[in-house]
Amino acid sequence: MGYSERLDLISSIHIYMEPGCASLDFDEVAEYVAGLLPAAEIMLRDSLLDSWIDDDGLRVLATRLAMAKVRDLNRQLPAERPPLTGEITYEKRRLDDGRNQVYGLLYDAFAFSDICLDLLPPGKTCLEQLNIVFTNQLIGTWEIADRRYHARTIICGSPSIISISGLVEAPAKSPAYYLARRSAEAFGLAEESKVELASSFADDCLGPEDGRLTEVAKGYVMQAIVYRITGEAFCEDPGCRLYNAHWQRELLEAQFGGDYEYCRKHSQMFRRLAKDGKA
Ligand SMILES: [Zn+2]
């Protein structure tokens, strides 16, 4: 299947918001996408994880989340692992609370994605519709090379998942940041001080509730869309917003730096899409 046929198949893009991130303006993200893809219908949806309807649904969701939780970064999640009662209770309380607070937990990205897939309304997973789920939770994939989990910014698929905490935590910060953090930790660093520390490195890295997250989210939503169209989410040009940044500096450079938003190839592709809906 060629690019153009694939694009013809996306008629609507549903973005599931994360209510727990106040600094991300989803309306602005949706407007941006609509500007690049005028032929597609862009819909903002309420948080997917809040879509359970009764106690039974809540219990099932809490159990699945508890099973998807990575307990040890150096051990791959077993396919079947009975969750502890305490873990289920914890997830239930968090879901019931509705604020999706982040407590530094990491979930297996593919197990998390499966949970989201099952929460999508029936008929919403067809090829014509692209679903993008924002979450505050950290998601990670098991890497065979060094046999450990790595946090991710985005997992492209059905649905695609963008982790807001991942945008802050997954790409590595500068060595100077880690050095400063280590020495601060040696003196017993409180949670607020960590936020302060991150803001003193603001030129080099994103912090939690960073005002730049809206702009960064636009680039990552486009990665999910381009993945659906071309089968490739990422671009090799470090100046293109589709660049797969491994460092915070690279992420900021790709999303804010340089003279252009997208490389030549992707700019042309978006121009063709805007003109006649063909990639
Ligand atoms: Zn590009």
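Coordinates for the structure precede this section.
Read on for an overview of the structure.

Conventions we followed
Residues numbered from 1 in each chain as written. Predicted model: local features only at pLDDT ≥ 70, side-chain atom pairs only at ≥ 80, totals over all residues. Heavy atoms only, no water. Donors = N, O, S within 2.8 Å, 3.2 Å for Na, K, Ca; no water. Tetrahedral: all angles 85-135°; square planar, octahedral: opposite > 155°, others 65-115°. Buried < 20%, exposed > 50% of the residue type's maximum accessible area, 1.4 Å probe, protein only. Core = buried A, V, L, I, M, F, W, Y, C linked by side-chain atoms within 4.5 Å. Helix = DSSP H or I, 4+ residues; strand = E, 2+ residues; numbered from the N terminus. Contact = heavy atoms within 4.5 Å. 1 Å grid on protein atoms, 1.4 Å probe; cavity = no way out; pocket = protein on both sides within 12 Å on 5 of 7 lines; lining within 4 Å. Points joined across faces, edges and corners; volume = space filled by probe spheres on them. Pairing = 2+ DSSP bridges. Axes fitted to C-alpha atoms, helices over the stretch in contact; angles between N-to-C directions. Nonpolar A, V, L, I, M, F, W, Y, C, P; charged D, E, K, R; others polar.

### Things to note about the coordination of the zinc ion
So, point 1. Protein coordination of the zinc ion is provided by Cys235 (SG), Cys240 (SG), Cys263 (SG) and His266 (ND1), with donor distances spanning 2.1 to 2.3 Å.
So, point 2. Taken together, the four donor atoms coordinating the zinc ion span angles of 93 to 119° at the metal, a pattern that classifies the geometry as tetrahedral.
So, point 3. Sequence spacing of the donors to the zinc ion: C-x4-C-x22-C-x2-H. Residues cysteine 263 and histidine 266 agree in their burial class; the two are buried.

### Thoughts on the nonpolar core
So, point 1. Core analysis: the biggest nonpolar cluster contains 48 residues, and Ile13, Phe134, Met222 and Ile225 have the highest contact counts within it.
So, point 2. Elements with a minimum of two residues in this core: β1 (12-16), α2 (26-36), β4 (129-135), α6 (164-169), α9 (213-230), α10 (248-256) and α11 (264-276).
So, point 3. The biggest single contributor to this core is α9, with 10 residues.
So, point 4. Residues within four places of isoleucine 225 in sequence aside, it is in contact with Ile10, Ile13, Val33, Leu37, Leu130 and Ile132.

### Description of the layout of surface pockets
So, point 1. Volume-wise, the second largest pocket comes out at about 610 Å³.
So, point 2. His150, Ala151, Arg152, Thr153 and Ala170 are the residues nearest the centre of the second largest pocket, which is lined by 26 residues in total.
So, point 3. At the level of elements, β6 (148-152) and β7 (154-155) are the ones that each hand at least two residues to the lining of the second largest pocket.

### Description of the sheet that holds strand β3 (residues 106-108)
So, point 1. Pairing in this open sheet of three strands is mixed, and the strands run β3-β5-β6 from one edge to the other. Edge positions in the sheet fall to β3 and β6, since each has one partner strand and no second. Across the sheet, the mean angle from the axis of one strand to that of its neighbour is 45°, orientation sign disregarded.
So, point 2. In the sheet, strand β5 (residues 138-143) pairs with β6 via five bridges, with the strands oriented antiparallel.

### So, empty space enclosed by the protein
So, point 1. Under the defined criterion, the tally for this structure stands at two cavities of 30 Å³ or more.
So, point 2. Estimated volume of the largest cavity: approximately 70 Å³.
So, point 3. Around the largest cavity, the lining is made up of 12 residues, and of these Ser47, Leu49, Val133, Phe134 and Thr135 lie nearest the centre.
So, point 4. If you list the elements that add at least two residues to the lining of the largest cavity, you get α5 (109-119) and β4.
So, point 5. Ranked by residues supplied to the lining of the largest cavity, first place goes to β4 with three residues.
So, point 6. Here the lining of the largest cavity is built from residues that sort into eight nonpolar, three polar and one charged.

### What to know about the sheet that holds strand β2 (residues 41-45)
So, point 1. If you trace the five strands from one edge of the open sheet to the other, you get β2-β1-β4-β8-β7, paired in mixed fashion. Both edges of this open sheet fall to β2 and β7, since each of them pairs with a single strand only.
So, point 2. Pairing geometry for β1 and β2, over five bridges, is parallel. If you follow histidine 14 over to β2, its bridge partner there is methionine 43.
So, point 3. Along the sheet, α5 contacts β4, β7 and β8 (160-163); its crossing angle with β8, the most-contacted strand, is approximately 120°.
So, point 4. Along the sheet face, α9 touches β1, β4, β7 and β8 and points at about 145° away from the line of β4.

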